[in-house]
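Summary of structural features
One-letter residues, chain by chain:
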Amino acid sequence: MTSNTAPDYEYERLAQLQGACRVVGVDEVGRGPLCGPVTAAAVWLDPDALPAGLADSKRLNAPARERVFADIMASADVGIGHATAAEIDQINILQATYLAMQRAIAALRVPPDHLLIDGNRLPPALPAPAQAVVKGDGRVLSIAAASIIAKVTRDRIMADLAQRYPGYGWEVNAGYPTKRHKNAIADLGVTPEHRRSFAPIRKILCP
């Protein structure tokens, strides 16, 4: 990865210059899968102990993500939140994503006074001023950290669920609609972890 595409600390620095002390990055993972939770993370990075190798989680392989995950957990204030498949079906995936983000922010040890949130829309009822940053996981260091925390956490959840519901390949596909996953749904049926409001699942349940 070239340096000009790496996330940096400039958004956080700018917020600090404007008086913010606890600038927190927020990101989510799991909007696209057919099953499992949507998971969000909120991360405050200590400016004096920034973890090495931080990048958008999609640019790191699994061993690198695990390594940076451990470094972030050791040096940062981290909050993690989820919304379940049932909650996704109840309130829709966008609102469930907001709920997971709100839960992640609430789980921080110290409340934030400025939030940097990946995407182009902000969740409602945030506890601090917030800025949406499009493609923030590739631009903002604390959002990149949140993307790694959310990705590793959710992958671990899906690997655990794969033990409970074998045959769907969730330990590999994390619940995304791969050919193997869709074939397994046709062969094995729909589990309690599947999102019934998503079209591929709805078509099976209500042909």
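Structure report, in brief. Counting restarts for each chain: residues are numbered from 1 in the order of the written sequence. Reporting in this predicted model follows two pLDDT cut-offs: at least 70 for local features of residues, and 80 or more for side-chain atom pairs to be given and counted; totals over whole chains, interfaces and linings ignore these cut-offs and use all residues. Derived side-chain values reflect all non-hydrogen atoms in the structure, with water molecules and hydrogen atoms excluded from consideration.

Looking at the side chain of glutamate 28
Among the secondary structure elements, glutamate 28 is positioned in strand E1 (residues 23-29). A simple rule labels every residue: compare its accessible area, found with a 1.4 Å probe on the protein chains alone, to the largest value its type can have, and call it buried under 20%, exposed over 50%, or partly exposed in between. Charged-residue counts in this description rest on Lys and Arg as positive and Asp and Glu as negative, His and the chain ends being excluded. Put simply, a salt bridge is a Lys or Arg side-chain nitrogen that is within 4 Å of an Asp or Glu carboxyl oxygen. Buried charge without a salt bridge: glutamate 28, with arginine 31 as the nearest opposite-charge side chain at an N-O distance of 4.5 Å. Two residues qualify as a contact provided that any one of their heavy atoms is within 4.5 Å of a heavy atom in the partner residue. Beyond its immediate stretch of four places on either side in the chain, glutamate 28 contacts Val38, Thr39, Ala40, Thr97, Met101 and Ala150. Only DSSP runs of H or I with at least four residues qualify as helices, and only runs of E with at least two residues qualify as strands; both kinds are numbered from the N terminus onward.

Regarding the packing of helix H2 (residues 62-75) against helix H5 (residues 141-164)
Axis geometry follows a simple rule: fit a line to the C-alpha atoms, using only the stretch in contact for helices, then measure angles between N-to-C directions, giving values from 0 to 180 degrees. Running from N to C, H2 and H5 cross one another at 115°; their axes reach a closest spacing of 9 Å. Classified by the angle between their axes, H2 and H5 sit roughly perpendicular to one another. As for the relative orientation of H2 and H5, their crossing is left-handed in sense. Where H2 approaches H5, its residues Arg65, Glu66, Val68, Phe69, Ile72 and Met73 are matched on the opposing element by Ala145, Ile148, Ile149, Lys151, Val152, Thr153, Asp155 and Arg156. Each angle gets one of four labels, with under 35 degrees taken as roughly parallel, over 145 as roughly antiparallel, 65 to 115 as roughly perpendicular, and the rest as oblique. The hand of a helix crossing depends on one turn: near helix anticlockwise from the far one by less than a right angle means left-handed, and clockwise means right-handed.

Overview of the environment of valine 26
Along the chain, valine 26 falls in strand E1. Overall, valine 26 belongs to the buried group, its relative accessible area being 0%. Taking the C-alpha atoms as reference, valine 26 lies 19 Å from isoleucine 88; in sequence the two are 62 residues apart. Beyond its immediate stretch of four places on either side in the chain, valine 26 contacts Ala41, Ala42, Met101, Ile105, Leu115, Leu116, Ile117, Asp118, Ile143 and Ala146.

Concerning the sheet that holds E1
Backbone-to-backbone hydrogen bonds pair the strands of a sheet. The strands run either parallel or antiparallel. One open sheet holds the five strands; their spatial order is E3-E2-E1-E4-E5, and the pairing between them is mixed. The strands lining the two open edges of the sheet, one partner per strand, are strand E3 (77-83) and strand E5 (130-133). Adjacent strand axes in the sheet meet at a mean angle of 20° when their direction is disregarded. Pairing between two strands requires that DSSP report at least two bridges joining them. Relative to E5, strand E4 (residues 114-118) runs parallel, the two sharing four bridges. The partner of leucine 115 across the bridge, within E5, is alanine 130. Docked against the sheet, helix H4 (residues 93-106) engages E1, strand E2 (38-44), E3 and E4, running at close to 150° with respect to E3.

Some remarks on the pattern of salt bridges
Evaluated as defined, the whole model comprises seven salt bridges. For aspartate 155, the salt bridge goes to lysine 151, with nearest N and O atoms at 3.2 Å. With aspartate 155 and lysine 151 both in helix H5 and four residues apart, this pair spans about one turn of that helix. Exposure remark for aspartate 155: the relative accessible area of 23% places this residue in the partly exposed category. Several salt bridges share partner residues, and in doing so they unite Arg22, Asp77 and Arg109 into one network.

A look at the layout of surface pockets
For each structure, a 1 Å grid was placed over the protein atoms alone; sets of points admitting a 1.4 Å probe that cannot get out are labelled cavities, open sets with protein on both sides within 12 Å along at least five of seven lines are labelled pockets, and lining residues have an atom within 4 Å of a point. Grid points are joined across faces, edges and corners, and a volume is the space filled by probe spheres set on the points. Here the largest pocket defines a volume of roughly 340 Å³. In terms of lining, the largest pocket is formed by 20 residues, of which the most central are Asp27, Glu28, Val29, Arg31 and Asp118. If you list the elements that add at least two residues to the lining of the largest pocket, you get E1, H4, E4 and H5. Among the elements that make up the lining of the largest pocket, the one with the highest residue count is H4 (four residues). Note on residue categories: nonpolar means Ala, Val, Leu, Ile, Met, Phe, Trp, Tyr, Cys or Pro, charged means Asp, Glu, Lys or Arg, and polar means any other residue, Gly included. Here the lining of the largest pocket is composed, by residue class, of six nonpolar, five polar and nine charged.

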